[in-house]
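Descriptive structure summary
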Amino acid sequence: MEDGSYHRLLMRFVDAIAEMEGVPGHCTHRSHWVTDASVSGAFRRSGRDFLMLSDGTEIPVSRKYKPELVESGLFNLSAEPVDHPVAGGEKGTAKARGPVMTATAGE
């Protein structure tokens, strides 16, 4: 919410996605849907793919949804490994981690 408050709605995931009609976004996993505007990058760690959101949240990407994310330009790994933070502690905080493949959305 814009005022920083949170509200909880209980509904089927498929129905919740349907309510987002008109908002550009994608499923990344059976239990995750993200707006395109919230994606700041993509990376691979320990053989698993993730999207990084602008607030630092790491969202898993399943094999089922990866082709659509690649086609949309949201998931695009660079050829060179770079250091990437790993979430740790509080939401949005990070600590250093070794080299992983990463890129920003749209590269």
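For the structure, check the block above.
All chains use their own residue numbering, which begins from 1 and follows the written sequence. Two thresholds apply to this predicted model, a pLDDT of at least 70 for residue-level local features and 80 or more for giving and counting side-chain atom pairs, whereas whole-chain, interface and lining totals are computed over all residues. Heavy atoms from the whole structure form the basis of all side-chain values; hydrogens and water molecules are not counted.

Looking at the environment of Ile 59
The helix and strand labels rest on DSSP assignments: H or I over at least four residues marks a helix, E over at least two residues marks a strand, and numbering proceeds from the N terminus. Relative to the helices and strands, Ile 59 resides in strand S5 (residues 58–61). The class of Ile 59 is buried, set by a relative accessible area of 8%. Placed 27 residues apart in sequence, Ile 59 and His 32 show a C-alpha to C-alpha distance of 7.4 Å. Whether two residues touch is decided by their heavy atoms; if any such pair falls within 4.5 Å, the residues are in contact. Leaving out residues up to four positions away in the same chain, Ile 59 has contacts with Thr 28, His 32, Val 34, Asp 49, Phe 50, Leu 51 and Leu 53. A 1.4 Å probe rolled over the protein chains alone gives each residue an accessible area, and that area as a share of the maximum for its type sets the label: buried under 20%, exposed over 50%, partly exposed in between.

A word on the pairing of strand S1 (residues 25–29)
In this structure, S1 lies alongside strand S2 (residues 32–35), joined through four bridges in antiparallel fashion. Bridge assignment links Cys 27 to a residue of S2, and that residue is Trp 33. What makes two strands pair is DSSP finding at least two bridges between them. Where S1 hands over to S2, the hairpin turn is made up of two residues, counted between the paired strands.

Quick word on the pattern of salt bridges
Counted as salt bridges are all cases of a side-chain nitrogen of Lys or Arg within 4 Å of a carboxyl oxygen of Asp or Glu. This structure, assessed with the given rule, holds four salt bridges. A salt bridge links Arg 44 to Asp 49, with the shortest nitrogen-to-oxygen separation between them at 2.9 Å. Residue Arg 44 is classed as partly exposed on the basis of its relative accessible area of 30%. One salt bridge connects Lys 66 with Asp 49, and the closest N-O pair in it is separated by 3.0 Å. One end of the pair, Lys 66, is in helix H2 (residues 66–72); the other, Asp 49, is in strand S4 (residues 48–53), and 17 residues separate them in sequence. A residue is classified by how much of its surface remains accessible, and Lys 66, at 22% relative accessible area, is partly exposed. In this structure Asp 49 comes out as buried when scored by relative accessible area, which is 8%.

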